[in-house]
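Analysis of the macromolecular model
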Amino acid sequence: MNLQDKALGVRQVFDELGMEIKSYLDESQLTCFSGCGLCCSNPKVNASVIEFLPLAFKLFEEGKAESVLEKLETLDDDACVLYKKTSEDGHAGFCSDYQNRGLICRLFGTSSRKNKYNENELLVCNKIKVGKPELFNEVSLAIKKDMQVPSSANNYSKLSNLDFDLTSAQFTVNIAIKNALEAVLRFEFYERNQEPEIPVNF
């Protein structure tokens, strides 16, 4: 499986997860606040390289890979390069490439993990817990019973099956995107410059 095949595998995981998330949100109604960008503006959020391969290939196909890579070289402790803030403090905004956001961006607020009691526990921010306390408590109880909610562990496991190394190493989001772009540029360079095999006639 080459890098492009792995990116297609990631896309398939994202598509399947998208249907799970829609089903969960339709039932729970526990959504993020419209226009909130607290998570996206946090420069400490970690991600893996593999979850940004679809984004990296898309940017390459659009001829934007090098320019985004150059921009990432100048970013240090900054918000995600895809995030466009709409407020002075940066806490309100939107993703400029929502379709190609990473797995962590899809899971937070719409998935669960197992707690020390082996019970499903929602992965949501304090803003939702404080701003929608009754709904949060109601859904927290429901997912411990029969409400289906996407599992963060299961989805990372699916990516790990595609490439363990590209999934296990965690970086800040901008570094993960940068590494994904570099991997795609290397892949495309060597793929396009590979010497064709010369047929041997006996």
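Residues numbered from 1 in each chain as written. Predicted model: local features only at pLDDT ≥ 70, side-chain atom pairs only at ≥ 80, totals over all residues. Heavy atoms only, no water.

It is worth spelling out the overall build of the protein chain at this point. Along its length, the protein chain carries nine helices and six strands. Expressed as a percentage of its 202 residues, the buried residues of the protein chain come to 40%. Relative to all contacts within the protein chain whose residues are 6 or more apart in sequence, the contacts with residues 24 or more apart total 77%. Total accessible area computed for the protein chain in this model is approximately 12100 Å², and 52% of it derives from carbon and sulfur atoms. If the 23 positive side-chain charges of the protein chain are averaged to one point and the 30 negative ones to another, these points end up 6 Å apart. (Helix = DSSP H or I, 4+ residues; strand = E, 2+ residues; numbered from the N terminus. Buried < 20%, exposed > 50% of the residue type's maximum accessible area, 1.4 Å probe, protein only. Contact = heavy atoms within 4.5 Å. Areas by Shrake-Rupley, 256 points an atom, 1.4 Å probe, with all protein chains shown as cover. Lys, Arg positive; Asp, Glu negative; His and termini not counted. Charge placed at Lys NZ, Arg CZ, Asp CG, Glu CD.)

Turning next to the pattern of salt bridges. Taken as a whole, this structure holds nine salt bridges when the rule is applied. The partner of Glu121 in a salt bridge is Arg113, with the nearest N and O atoms 3.0 Å apart. A network of salt bridges, in which partner residues are shared, links Lys58, Glu62, Lys64 and Asp97. (Salt bridge = Lys/Arg side-chain N within 4 Å of Asp/Glu carboxyl O.)

The next thing to look at is the packing of aromatic side chains. Enumeration according to the criterion identifies two aromatic pairs in this entry. Directly above the aromatic system of Phe14 lies the positively charged group of Arg106, at a separation of 3.8 Å from the ring centroid. A cation over a ring is seen here: Lys132 above Phe33, with NZ or CZ 4.7 Å from the ring centre. (Phe/Tyr/Trp six-rings, centres within 6.5 Å; stacked < 30°, edge-to-face > 60°. Lys NZ or Arg CZ within 6 Å of the ring centre and 35° of its normal.)

Another aspect to go through is the side chain of Arg101. Looking at where Arg101 falls in the secondary structure, it is placed in the loop between strand 3 (93-95) and helix 4 (103-107). One buried charge, Arg101, has no salt-bridge partner; the nearest side chain with opposite charge is Asp97, at 8.1 Å. Here the side chain of Arg101 touches Tyr98 through a polar contact of 2.6 Å, landing on its backbone oxygen. (Polar contact = N/O pair within 3.5 Å; in protein donor to acceptor, adjacent residues only side chain to side chain.)

As far as function goes, none of this settles anything; it's purely spatial.
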